[in-house]
Amino acid sequence: MPIDQLPIQIPGKTLSLDTTLEWSYCTDEFTGICEIAHDDMVVKCVFRSTSRKFYDVLAIDGVIKARLLSPVSVERLAEQLASDFPDLSIEVSGRAATHGWITAKTSASRFNG
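Every value quoted in this text rests on a predicted model; they were computed, and no experiment measured them.

## Here we look at the overall build of the protein chain
In step 1: Each helix and strand in the protein chain was counted, giving two helices and five strands.
In step 2: N-terminal to C-terminal, the α/β element order of the protein chain is β-β-β-α-α-β-β.
In step 3: Taking all 113 residues of the protein chain together, the buried fraction comes to 42%.
In step 4: Here the analysis covers contacts within the protein chain between residues at least 6 apart in sequence; of these, 66% occur between residues at least 24 apart.
In step 5: Total accessible area on the protein chain is roughly 6,400 Å²; 50% of this is exposed by carbon and sulfur atoms.

## A short note on helix α2 (residues 74-84)
In step 1: Among the residues making up α2, those that are buried are V74, L77, A78, Q80, L81 and D84. Mapping the buried residues of α2 onto a view down its axis gives an arc of 165 degrees, with all of them on the same face. Looking at α2, the residues exposed on the side facing more than 90 degrees away from the buried face are E79 and S83.
In step 2: Looking at the buried positions of α2, the neighbouring elements they touch are β3 (40-55), α1 (57-67), β4 (89-96) and β5 (102-106).

## Quick look at the packing of aromatic side chains
In step 1: Under the defined criterion, the tally for this structure stands at four aromatic pairs.
In step 2: Their ring planes at 20 degrees and their centres at 6.4 Å tell us that Y25 and F47 sit as a pair that is stacked. Remark: F47 occurs in strand β3 and Y25 occurs in strand β1 (residues 13-26); sequence separation between them is 22 residues.
In step 3: Y25 gets classed as buried once you look at its relative accessible area, which sits at 15%.
In step 4: Here the aromatic rings of Y55 and F85 are separated by 5.0 Å at their centres, their planes lie at 80 degrees, and the arrangement is edge-to-face. You can see Y55 sitting in strand β3 and its partner F85 sitting in the loop between α2 and β4, a full 30 residues away along the chain. Neither residue differs from the other here; Y55 and F85 are each classed as buried.
In step 5: Among the aromatic side chains, those forming a connected cluster through ring pairs are Y25, F47, Y55 and F85.

## Quick word on the environment of E22
In step 1: Tracing the chain through its elements places E22 in strand β1.
In step 2: The exposed category is assigned to E22, whose relative accessible area is 76%.
In step 3: Between the C-alpha atoms of E22 and S51, which are 29 residues apart in sequence, the distance is 6.8 Å.
In step 4: Residues contacting E22, with those up to four places away along its chain left out, are S49 and T50.

## Observations regarding the nonpolar core
In step 1: F47, I60, I64, L68, L81, F85 and V92 are the most contacted members of the largest nonpolar core, which totals 25 residues.
In step 2: It is β3 that contributes the most residues to this core, six residues altogether.
In step 3: With sequence-adjacent residues up to four places away left out, L68 is seen in contact with F30, T31, G32, M41, V43 and L77.

Conventions adopted
Residues numbered from 1 in each chain as written. Predicted model: local features only at pLDDT ≥ 70, side-chain atom pairs only at ≥ 80, totals over all residues. Heavy atoms only, no water. Helix = DSSP H or I, 4+ residues; strand = E, 2+ residues; numbered from the N terminus. Buried < 20%, exposed > 50% of the residue type's maximum accessible area, 1.4 Å probe, protein only. Contact = heavy atoms within 4.5 Å. Areas by Shrake-Rupley, 256 points an atom, 1.4 Å probe, with all protein chains shown as cover. Arc of directions from axis to C-beta. Phe/Tyr/Trp six-rings, centres within 6.5 Å; stacked < 30°, edge-to-face > 60°. Core = buried A, V, L, I, M, F, W, Y, C linked by side-chain atoms within 4.5 Å.

Structure (structure tokens):
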């Protein structure tokens, strides 16, 4: 589903600093449905950047929750979040009731200092 059809807006950066920092945000676990296994799935994400501007992590959580309204795979969720947050490196890990942990990683497509 395109982001403009989700019931949430992608947040702008809400914090700006004078200094560039290495930053990461490790989410709590979220639940959804695996589009491949068709059963309950749990996912967690890690977002990373080197920047002076940062997103509100509660807004990031809102985007993840909105993405999980439809069945997704770990790989598809990583792809969607990379589209939503192209300036962040993203790691998505998830497991369905029928299988162990899968991890998919993306790299930031551009530096945002």
